Amino acid sequence: MSPHTLVEPLHIYLNDHLTGAFGGAALAARMARTHPGSHHAADLQRLAHDIEQDRDDLVRIMNRLGVPVRHYRTWLGLAGERLSRLKPNGTVLRRSPLSDLIELETLRAGVEGKTALWRALRAIADTDPRLDQVELDRLAERAAEQGRMLNGWHYTVSTAVLRDSTDQADTGGHSTAL
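Here we summarise the structure given alongside this text. Sequence order as written defines residue numbering, which begins from 1 separately in each chain. Restriction of local features to residues with pLDDT of at least 70 applies here, the model being predicted, together with a cutoff of 80 or more for giving and counting side-chain atom pairs; totals for whole chains, interfaces and linings are based on all residues. Heavy atoms from the whole structure form the basis of all side-chain values; hydrogens and water molecules are not counted.

**Concerning the overall build of the protein**
Phase 1 of the analysis: A run of H or I in DSSP becomes a helix once it reaches four residues, and a run of E becomes a strand once it reaches two; helices and strands are each numbered from the N terminus. A count of helical and extended segments in the protein gives six helices and zero strands.
Phase 2 of the analysis: For the protein, the α and β elements follow one another from N to C terminus as α-α-α-α-α-α.
Phase 3 of the analysis: Residue burial is assigned from relative accessible area. The probe radius is 1.4 Å, only protein chains are included, and a residue is buried under 20% of its type maximum, exposed over 50%, and partly exposed in between. Among the 178 residues that make up the protein, the fraction classed as buried is 46%.

**Considering helix α2 (residues 41–65)**
Phase 1 of the analysis: In a regular helix each residue adds 1.5 Å, so 25 residues correspond to 36 Å; α2 covers 36 Å between its end C-alpha atoms and thus fits that length.
Phase 2 of the analysis: Just downstream of α2, Gly66 is the residue with a positive phi angle, here 75°. Helix span is expected to be 1.5 Å times the residue number reduced by one.

**What to know about the packing of α2 against helix α4 (residues 97–125)**
Phase 1 of the analysis: In this description, a line fitted to the C-alpha atoms serves as the axis of each element, helices being fitted only across the stretch in contact, and the angle between N-to-C directions of two axes falls anywhere from 0 to 180 degrees. At a minimum axis distance of 12 Å, the contact between α2 and α4 shows a crossing angle of 35°. Where α2 crosses over α4, the two elements pack in a sense that is left-handed. Residue-level contacts link Leu47, Ile51, Asp54, Leu58 and Ile61 of α2 to Leu107, Lys114, Leu117, Trp118 and Leu121 of α4.
Phase 2 of the analysis: Class assignment of the residues belonging to the contact of α2 with α4 gives a composition of eight nonpolar, no polar and two charged. Here a crossing is called left-handed whenever its near helix is offset anticlockwise from the far helix by less than a right angle, and right-handed whenever the offset is clockwise. Should any heavy atoms of two residues lie within 4.5 Å, those residues are considered in contact. Side-chain classes follow a simple rule in which Ala, Val, Leu, Ile, Met, Phe, Trp, Tyr, Cys and Pro form the nonpolar group, Asp, Glu, Lys and Arg form the charged group, and the remainder, Gly included, forms the polar group.

**A closer look at the environment of Leu18**
Phase 1 of the analysis: With respect to the helices and strands, the residue Leu18 is situated in helix α1 (residues 3–34).
Phase 2 of the analysis: Separated by 36 residues in the primary sequence, Leu18 and Asp54 place their C-alpha atoms 9.8 Å from one another.

**Thoughts on the packing of aromatic side chains**
Two numbers describe a pair of aromatic rings. These are the distance of the centres and the angle of the planes.
Phase 1 of the analysis: When two rings of Phe, Tyr or Trp (its six-membered ring) have centres within 6.5 Å they constitute a pair, described as stacked for plane angles under 30 degrees, edge-to-face for angles over 60, and tilted for the intermediate range. All chains considered together, the criterion is met by zero aromatic pairs.
Phase 2 of the analysis: Here, over-ring charges are defined by two tests on the NZ atom of lysine or the CZ atom of arginine: distance to the ring centre within 6 Å, and angle to the ring normal within 35 degrees. Seen from the ring of Phe22, Arg55 lies directly overhead, with NZ or CZ sitting 4.8 Å from the centre.

**Comments concerning the environment of Leu27**
Phase 1 of the analysis: By the element assignment, Leu27 lies in helix α1.
Phase 2 of the analysis: For Leu27, a relative accessible area of 6% gives the class buried.
Phase 3 of the analysis: The sequence separation of Leu27 and Leu107 amounts to 80 residues, and the corresponding C-alpha distance is 7.4 Å.

**A closer look at the pattern of salt bridges**
Phase 1 of the analysis: By convention in these notes, a salt bridge is any Lys or Arg side-chain nitrogen within 4 Å of a carboxyl oxygen on Asp or Glu. The full count for this structure, using the stated rule, is 14 salt bridges.
Phase 2 of the analysis: Notably, a salt bridge pairs Arg122 with Asp137, separated by 2.8 Å at the nearest N-O pair. Of this pair, Arg122 sits in helix α4 while Asp137 sits in helix α5 (residues 133–162), and the two are 15 residues apart along the sequence.
Phase 3 of the analysis: Between Arg130 and Asp128 there is a salt bridge, with its nearest N and O atoms 2.8 Å apart.
Phase 4 of the analysis: Put simply, Asp54, Asp57, Arg60, Lys114, Arg138 and Arg142 are held in one network by salt bridges that share partners.

By themselves, these observations are geometric and do not establish any function.
Pasting the structure below:
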């Protein structure tokens, strides 16, 4: 097997995750802006900041590994996040309460993928001195904490959105779950 064959999957893998990281960071920032007065506003702001930091950490790791950032892919992540806003989720002119649940589940999926990324890199850190095992352990733990927070919110939001749709209609279509 040639060295190029061994390196190429890593390049693709990291750029795939970077694409998702750009979309996830944009989604987290938008979620924080959408719920500024909620009782979870500070947590949403912190989560958005941490996800942006995770994205920047991934870029630094890619640079250390000599993996070029495919900038067109980062734009795809941002475009995907913006296109996801077009889904009306049952309404056309106003934000649907279902949007909170869909966005939260999207973010949860992204965080689970990111956790897997850090663990995958950790698995090869023993043989690649460019990877910092302590850093990867820290990143994996931060992602796990993000996952725990999102899982807690998921119960609250899904209950508020799905339990009684007539209650949601009475609030004018605005979710107060987050």
